[in-house]
Amino acid sequence: MRSDIKNDFPIFANWREKGKPLIYLDSAATTQKPARVIDAVSEYYSRYNANVHRGTYELSQLATDLYENSRTAVARFINAERAESIVFTRNATESLNLIAYAWGLNNLKKGDEVILSDMEHHSNLVPWHIISRHTGAVLKFIRMNSDFQLDLQSLKDNIGPRTKVVSVVHVSNVLGTINPVKEICRLAHEAGAIAIVDGAQSAPHMPVDVREIGCDFYALSGHKMCGPTGIGALYARYELLERMEPFLGGGEMINEVFPTTSNYAKPPYKFEAGTPNIAGAVGLKAAVEYLEAVGLKEVEEHEIALGDYAARRLAEIEGVRIFRPKTTGTGVVSFTVENVHPHDISTILDSEGVAIRAGHHCAQPLMRKLQVQSTARASFYIYNDKSDVEVLASALEKGIALFRPRKKADVTK
Ligand code: 7TS
């Protein structure tokens, strides 16, 4: 990775709060934004702002072109077969809800089965809880083994003629596990089910090819891949989008409207009701181009190397327990420290300028499997390097020393 890449991200020069440089290790929550993305959003508002798909004047046509060019860029980024397979949403959460409501509600019935996994984010669980309450569909789970990997045998044991949906996270936001999504999609299709991949933690971090994976749907969030907040995307096989009912109704998504009925525009517009996040899409295109210029293979290798290094370095510290698979980890390193609450770890690290996340990471069922209430999590991205790991490790060592019960001899001195 370029050694000066941090300079692309203005926040690192601007952050002054603690009199210490910002060591940002929470990119699984959201990534920092390169100047190129910030400038693209600002330029859009300063020079091209107009509503899309409705104006016959030049400014509106320019705004429409910028918005649609972003769709093309996202399609290229994940190798979708066509731009119209990309629906813009607010984030991965909305993309996953769109599938659950627009596909699930209309295609599932009592006794049908939806297979998820033990390591899902709430955004790939709660929508299915809601839809299963409406439809009577049953939820089943691919189990995780002791190396924090999905046990495909448990999928093979559960999948069958009643399975209508298999929906799994590509990369776990807690464990960094890369799941064998290609094989999972193959098994889903063999059983006649649709295959959904939650790509919130894979699109930003590795080359993704939705056709190679063979999924029917793939969800991503712009803000986790250097883009603005409030813009995300759903990839879907176009034929599925054509057959699906809309998720939200309103302007933009219609063809004709009568007092008591309406018919809809073609996908992807059928799924984009209301004025979209045009500036967000423009920023997302800049983010996609930025990541393509860095090179996704390079991003992936850099993060795996950093994640491996951090896991090794933290494991040397007494009382630290790492939750990470032996072989398929990424730049996400979750850990606990004996007798110290993860929130205290995060607070101590913050005083040293190190930003990590502590909590259940929106994966409470996974926390229960791990038999913890919460973990601390360092997540690395392109602007992190080994020196950040060193600062993390020494800040952690220093912090732990404060919490260790002092020996009797020290107390009586
Ligand atoms: N899926 C996974 C795997 C995620 O990690 C997240 C967010 C989402 C879906 C939802 O993304 P959103 O952009 O719609 O919110 N994960 C995290 C996290 O790990 N810390 O904060 C957000």
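Everything below is about the structure printed above this text.
Here is what the cut-offs are and how they apply
- Residues numbered from 1 in each chain as written.
- Predicted model: local features only at pLDDT ≥ 70, side-chain atom pairs only at ≥ 80, totals over all residues.
- Heavy atoms only, no water.
- Near = heavy atom within 4 Å.
- Polar contact = N/O pair within 3.5 Å; in protein donor to acceptor, adjacent residues only side chain to side chain.
- Areas by Shrake-Rupley, 256 points an atom, 1.4 Å probe, with all protein chains shown as cover.
- Nonpolar A, V, L, I, M, F, W, Y, C, P; charged D, E, K, R; others polar.
- Pairing = 2+ DSSP bridges.
- Helix = DSSP H or I, 4+ residues; strand = E, 2+ residues; numbered from the N terminus.
- Axes fitted to C-alpha atoms, helices over the stretch in contact; angles between N-to-C directions.
- Contact = heavy atoms within 4.5 Å.
- 1 Å grid on protein atoms, 1.4 Å probe; cavity = no way out; pocket = protein on both sides within 12 Å on 5 of 7 lines; lining within 4 Å.
- Points joined across faces, edges and corners; volume = space filled by probe spheres on them.
- Phe/Tyr/Trp six-rings, centres within 6.5 Å; stacked < 30°, edge-to-face > 60°.
- Buried < 20%, exposed > 50% of the residue type's maximum accessible area, 1.4 Å probe, protein only.
- Lys NZ or Arg CZ within 6 Å of the ring centre and 35° of its normal.
- Parallel < 35°, antiparallel > 145°, perpendicular 65-115°, else oblique.
- Left-handed = near helix turned anticlockwise from the far one by under 90°.
- Arc of directions from axis to C-beta.

Engineer: Which parts of the structure should I look at to understand the site of the ligand?
Structural biologist: Around the ligand, 17 residues are found, and the nearest of them are Thr93, Asp198, Ser221, Arg357 and Arg377. In this structure, a nitrogen atom belonging to the ligand sits 3.0 Å away from a side-chain N or O atom of lysine 224. For the ligand, an oxygen atom lies 2.6 Å from a polar atom in the side chain of arginine 377. Across the complex, the protein chains shield 90% of the 490 Å² of accessible surface that the ligand would expose by itself. A per-class count over the shell around the ligand returns five nonpolar, eight polar and four charged.

Engineer: Can you help me understand the sheet that holds strand 7 (residues 217-221) in this one?
Structural biologist: Whether parallel or antiparallel, the strands of a sheet pair through hydrogen bonds between backbone atoms. The seven strands lie next to each other as 2-8-7-6-5-3-4, forming an open sheet whose pairing is mixed. Sheet topology places strand 2 (86-89) and strand 4 (138-142) at the edges, where each strand pairs with a single neighbour. Each neighbouring strand pair of the sheet contributes to a mean axis angle of 20°, computed without reference to strand direction. The sheet contacts of helix 4 (residues 92-107) involve strand 2, strand 5 (163-169), strand 6 (194-198), strand 7 and strand 8 (232-236), and relative to strand 7 the element is tilted by about 150°. Of the strands in this sheet, strand 4, strand 5 and strand 6 touch helix 7 (residues 181-190), which is tilted by about 155° from strand 6.

Engineer: For this particular structure, what's the right way to read empty space enclosed by the protein?
Structural biologist: The gaps of empty space that remain are located by a probe, the size of a water molecule, rolled over the atoms. Taken as a whole and assessed by the stated rule, the structure comprises one cavity of 30 Å³ or more. For the largest cavity, the calculated volume is near 70 Å³. Every residue lining the largest cavity is listed: Ala28, Val171, Gln201, His205, Glu303, Thr330, Gly331, Val332, Ser379 and Phe380. Across the lining of the largest cavity, the residue classes tally to four nonpolar, five polar and one charged.

Engineer: Looking at this model, I keep getting lost on the packing of aromatic side chains. Mind explaining?
Structural biologist: When we look at a pair of aromatic rings, we describe it by the centre distance and by the angle of the planes. Summed over the entire model, instances satisfying the criterion amount to 10 aromatic pairs. With a centroid separation of 5.2 Å and 55° between ring planes, the pair formed by phenylalanine 12 and tyrosine 383 is classed as tilted. Pair noted here: phenylalanine 12 is in helix 1 (residues 10-14) and tyrosine 383 is in the loop between strand 15 (375-379) and helix 14 (386-403), with a separation of 371 residues, a long-range link. You'll find phenylalanine 12 and tyrosine 383 in the same group, each marked buried. Ring pairs connect the aromatic residues Phe9, Phe12, Tyr24, Tyr290, Tyr381 and Tyr383, which therefore count as one cluster. One cation-aromatic arrangement involves lysine 6 over phenylalanine 12; the distance from NZ or CZ to the ring centre is 5.3 Å. Directly above the aromatic system of tyrosine 309 lies the positively charged group of lysine 386, at a separation of 4.5 Å from the ring centroid.

Engineer: Please clarify how the packing of helix 11 (residues 296-315) against helix 14 should be interpreted in this entry.
Structural biologist: When two helices pack together, you describe them by how their axes are tilted relative to each other and by the distance separating the axes. Running from amino to carboxyl end, helix 11 crosses helix 14 at an angle of 25°, the nearest separation of the two axes being 10 Å. The orientation of helix 11 with respect to helix 14, classified from their angle, is roughly parallel. Considering how the two elements wind past one another, helix 11 and helix 14 form a crossing that is right-handed. Listed contacts from helix 14 to Leu306, Tyr309, Ala310, Arg313 and Leu314 of helix 11 are Lys386, Val389, Glu390, Leu392, Ala393, Leu396 and Glu397.

Engineer: In this structure, what is going on with helix 5 (residues 126-135)? I would like to understand it.
Structural biologist: Among all positions in helix 5, only Pro127, Trp128, Ile131, Ser132 and Thr135 are buried. The buried side chains of helix 5 occupy one side of the element, clustering within an arc of 130° when seen end-on. Buried-residue contacts for helix 5 involve helix 4, strand 3 (113-117), strand 4, strand 5 and strand 6.

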